[in-house]
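What follows is the residue order along each chain.
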Amino acid sequence: MYKKLSLSIALALFAVGMLMAQVPHDPNDQLYRDMDRWFTQGYITTSLPQIRPYPAQFILVLLDEVISRGDAEAQKRALRYRSALSGKDRPLHVGLTGTLVGENGDTTVYGAPTVDGVLALESWLTASYDLRVYGSLRKPGEELRVPGTYSPYSDFIEDWASVGPFLILQNWTSSLALGTASVYMQAGLNRTSFGPFYDTSPVIGSQAGRAGHFSVEYRKDTWSFGALFMVLTATDDFGNGQFSDKYLMLHTFDFRPFSNFEWGFFESVVWGARLEPLYFIPFNQLFASQSMTGFADNSFFGFHLRWRPLSGWLVRSQVYIDDLNFNDLVSLKFDTKYKLAAQGGLEYVSQKDWFPDLRLEYTAVMPYMYTHENSISRYTNDKPNYTNYTHRGRSLGSDLEPNSDRIRLVLSKPLLPELTVALTSYFTRHGNASEGIAGMTSAYHDGTIFDDGRLDDGTATFHYETRFLTQSVIDYRLAGGLGFSWSLPTDWGDLALQADYVAEYGWNRNLEKGNHGWSLYWSVTGSWRW
């Protein structure tokens, strides 16, 4: 179970990215990390929308800012991105990618030929696509992964096709965008992220697998409104099976009273088994709409802020709330229910000095956050749970399990224009919030995202106490990592190589008392794109 928890982001450069943008509909693309870096440096002054990915129409506006304000290296990168997204580049690219990955003494390999491109059909109409046909020695769910590195496995659906020992797993993603930089709509099958933390968001994380994505954004100088509708896949209460008709709706209102400060309020709802027209009303309170459906669905709300006090410095925070015990809080009783996830961070981007880029973050996921009781039939095989915060059996939000926290530090530095080194450390804690609670069934009250914290008769055990990491057995993980990312543009294609190594020591691993020891992870990824 705890291997899911250790999928914390351990390296700043975690995708098999290249200098050239591959597809703008992938929030893991190197393009987005570069845009966040340029925003922190002050090369981008336009407010960055919370819903990602962005359409090419909007990205071109951001790149033009970098070309006019950035240093020589930033201008060079932005010009190449602009050529790829503006229609001047070829609409079709082919390539190869392959990864060798190991964990302790176990090793496996996977790779794929790739076809991708960007179509600038009109100034107001763009599209992008990406097809990868992987050969893999492991089934989805059995893969090896270095903590913090990008993995395509959450996108895969197991098929019967195979060639020798290799399973054939295809991954198609695409998006179509209509509009301008001020107002646009997107529809696609792709990964999504939300919030100021582009890669570790507790709301919608970019590690979550591809899903149906429909979004709209309306932007003014000092405020904006965004809406996101996602088509998800449900599982039963054990994470098994695949069931259609699961959905998420999110509304976000963002305000920018000062050029270096912005904050926002957002809310969301997860539901299924029907298409609910009430949730499609714009400028509507989703919690109020849920009350009209009998409170059977799962609604959330939250706040986020982004503050750039000085050029090169960025402060970010976000809180995502499922439920609070309001009566206890106003009575100043603080040992009560907090079903929420919160994140805060400080980032520094080097301004041509000797100091490396720095990123410090803390994330907490409180007990039973993301969980929700199954209104059809609790803990029954083949009965879909439409209201927990999962997609295809994995968390849609943070990569941490409920009742966990993490502190993470990343230092990165370009050694050469095309070669970057990253040093990372993280410390995580996780406990089973259901441990020691009378009436809990150990078979499914295991502290994961599928443990709803309720007795077999449906009574909630978490309304009047917090139980955040107070258990007798806590799984601790302390790790350090080293990563190298190198890319080389040539006349016959772009070459890229990435190598990652993480050494992690754990105490009470997988919540087994006395299970202490080392885990060593490594991977090497090479790719070529023409």
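Further up the page is the structure itself.
Before going into details, it helps to say that this report is about the structure given with it. (Residues numbered from 1 in each chain as written. Predicted model: local features only at pLDDT ≥ 70, side-chain atom pairs only at ≥ 80, totals over all residues. Heavy atoms only, no water.)

**Thoughts on the overall build of the protein**
Okay, so step 1: The number of helices and strands found in the protein is six helices and 23 strands.
Okay, so step 2: By the compact-globule yardstick of 24 Å for 530 residues, the protein fits well, its C-alpha radius of gyration being 22 Å.
Okay, so step 3: For the protein, the spread of C-alpha atoms along the principal axes amounts to about 65 × 55 × 50 Å.
Okay, so step 4: Classification of the 530 residues of the protein by burial places 58% in the buried group.
Okay, so step 5: Pairs at least 24 residues apart make up 65% of the contacts formed inside the protein by residues separated by at least 6 positions.
Okay, so step 6: Summed over all atoms, the accessible surface of the protein reaches about 20,900 Å², with 63% contributed by carbon and sulfur.
Okay, so step 7: Of the side chains in the protein, 45 bear a positive and 57 a negative charge, and the two mean positions are spaced by 4 Å. (Helix = DSSP H or I, 4+ residues; strand = E, 2+ residues; numbered from the N terminus. Rg over C-alpha atoms; globule rule 2.2 N^0.38 Å. Buried < 20%, exposed > 50% of the residue type's maximum accessible area, 1.4 Å probe, protein only. Contact = heavy atoms within 4.5 Å. Areas by Shrake-Rupley, 256 points an atom, 1.4 Å probe, with all protein chains shown as cover. Lys, Arg positive; Asp, Glu negative; His and termini not counted. Charge placed at Lys NZ, Arg CZ, Asp CG, Glu CD.)

**Comments concerning the nonpolar core**
Okay, so step 1: The biggest cluster of nonpolar side chains holds 24 residues, and the ones touching the most others in it are I204, L248 and Y389.
Okay, so step 2: Those elements that place two or more of their residues in this core are strand 10 (223-234), strand 11 (243-258) and strand 12 (261-272).
Okay, so step 3: Ranked by residue count, the leading element in this core is strand 10, at three residues.
Okay, so step 4: Discounting residues that sit within four places of it in the chain, Y389 has contacts with V203, I204, L248, V270, F300, Y320, Y370, R394, S395, L396, G397 and I449.
Okay, so step 5: Counting 23 residues, the second largest nonpolar core, distinct from the first, contains F39, L63, L85 and L314. (Core = buried A, V, L, I, M, F, W, Y, C linked by side-chain atoms within 4.5 Å.)

**A look at the packing of helix 3 (residues 56-69) against helix 4 (residues 72-85)**
Okay, so step 1: The contact between helix 3 and helix 4 brings their axes to 9 Å, and the two run at 155°. Regarding the angle of helix 3 to helix 4, the classification is roughly antiparallel. The chirality of how helix 3 crosses helix 4 is left-handed. Here helix 3 contributes A56, I59, L60, L63, D64, V66 and I67 to the contact with helix 4, which in turn contributes A74, Q75, A78, L79, Y81, R82 and L85.
Okay, so step 2: Among the residues forming the contact of helix 3 with helix 4, the class breakdown is eleven nonpolar, one polar and two charged. (Axes fitted to C-alpha atoms, helices over the stretch in contact; angles between N-to-C directions. Parallel < 35°, antiparallel > 145°, perpendicular 65-115°, else oblique. Left-handed = near helix turned anticlockwise from the far one by under 90°. Nonpolar A, V, L, I, M, F, W, Y, C, P; charged D, E, K, R; others polar.)

**Remarks on the pattern of salt bridges**
Okay, so step 1: Scanning the model with the defined rule gives 31 salt bridges in all.
Okay, so step 2: Among the salt bridges present, the one from R529 reaches D116, with a minimum N-O distance of 2.7 Å. Linking R529 in strand 23 (residues 517-529) with D116 in strand 3 (residues 106-122), this pair joins segments that are 413 residues apart in sequence. For the residue pair R529 and D116, the accessibility class agrees, reading buried in each case.
Okay, so step 3: Residues R306 and E262 are paired through a salt bridge, measuring 2.8 Å at the closest nitrogen-oxygen approach. Here R306, found in strand 13 (residues 298-307), pairs with E262, found in strand 12; they are 44 residues apart in sequence, far enough to count as distant. The exposure classification of R306 matches that of E262, with both residues buried.
Okay, so step 4: What emerges from the salt-bridge pattern is a single network uniting D199, R316, E347, R359, E361 and R408. (Salt bridge = Lys/Arg side-chain N within 4 Å of Asp/Glu carboxyl O.)

**Description of the pairing of strand 21 (residues 475-490)**
Okay, so step 1: In the sheet, strand 20 (residues 419-430) pairs with strand 21 via twelve bridges, with the strands oriented antiparallel. Pairing of T420 across the sheet is with S485, part of strand 21.
Okay, so step 2: Here strand 21 pairs with strand 22 (residues 493-507) via 15 bridges, running antiparallel. If you follow G481 over to strand 22, its bridge partner there is V502.
Okay, so step 3: Between strand 21 and strand 22, which pair antiparallel and follow one another directly, the connecting turn spans two residues. (Pairing = 2+ DSSP bridges.)

**Considering a nonpolar patch on the surface**
Okay, so step 1: A contiguous nonpolar patch, built from V183, Y218, W223, F255, W263, F283, F301 and F303 and spanning about 740 Å² of accessible area, is present on the exposed surface.
Okay, so step 2: Structurally, F303 is set in strand 13.
Okay, so step 3: Residue F303 is classed as partly exposed on the basis of its relative accessible area, which comes to 37%. (Patch = residues over 30% accessible without salt bridge, like charges linked within 9 Å, V, L, I, M, F, W, Y side chains within 5 Å.)

**Brief notes about helix 3**
Okay, so step 1: In this model, helix 3 (14 residues) spans 20 Å end to end at C-alpha, consistent with the 20 Å of a helix rising 1.5 Å per residue.
Okay, so step 2: Listing the buried residues of helix 3 in full gives A56, Q57, F58, I59, L60, L62, L63, E65 and V66.
Okay, so step 3: Next to the buried residues of helix 3 lie helix 2 (30-41), helix 4, strand 4 (125-136), strand 6 (166-179), strand 7 (183-190) and strand 9 (211-219). (Expected span 1.5 Å × (residues − 1).)

**Examining the environment of D322**
Okay, so step 1: Relative to the assigned elements, D322 resides in strand 14 (residues 313-324).
Okay, so step 2: Since its relative accessible area comes to 13%, D322 is described here as buried.

**Concerning unusual backbone geometry**
Okay, so step 1: The amide bond that connects R52 to the next residue, P53, takes the cis arrangement and shows omega of 15°.
Okay, so step 2: If you trace the backbone, P53 turns up in the loop between strand 1 (51-52) and helix 3.
Okay, so step 3: Located in the positive-phi region is Y379, a residue other than glycine, with phi close to 50°.
Okay, so step 4: When you line up the elements, Y379 lands in the loop between strand 16 (357-365) and strand 17 (390-391).
Okay, so step 5: For Y379, a relative accessible area of 11% gives the class buried.

**Describing the packing of aromatic side chains**
Okay, so step 1: Counted under the stated rule, the structure contains 37 aromatic pairs.
Okay, so step 2: Measuring from ring centre to ring centre gives 5.4 Å for F265 and F303, while their planes differ by 55°; the resulting arrangement is tilted. Taken together, the residues span a long stretch of sequence, with F265 in strand 12 and F303 in strand 13 at a distance of 38 residues.
Okay, so step 3: The class for F265 is partly exposed, based on a relative accessible area of 26%.
Okay, so step 4: Among the aromatic side chains, those forming a connected cluster through ring pairs are F194, F266, F300, Y320, Y370 and Y389.
Okay, so step 5: The ring of F39 has R306 sitting right over it, with the charged end atom 5.1 Å from the ring centre.
Okay, so step 6: Taking NZ or CZ as reference, R308 lies 4.7 Å from the ring centre of F39, over its face. (Phe/Tyr/Trp six-rings, centres within 6.5 Å; stacked < 30°, edge-to-face > 60°. Lys NZ or Arg CZ within 6 Å of the ring centre and 35° of its normal.)

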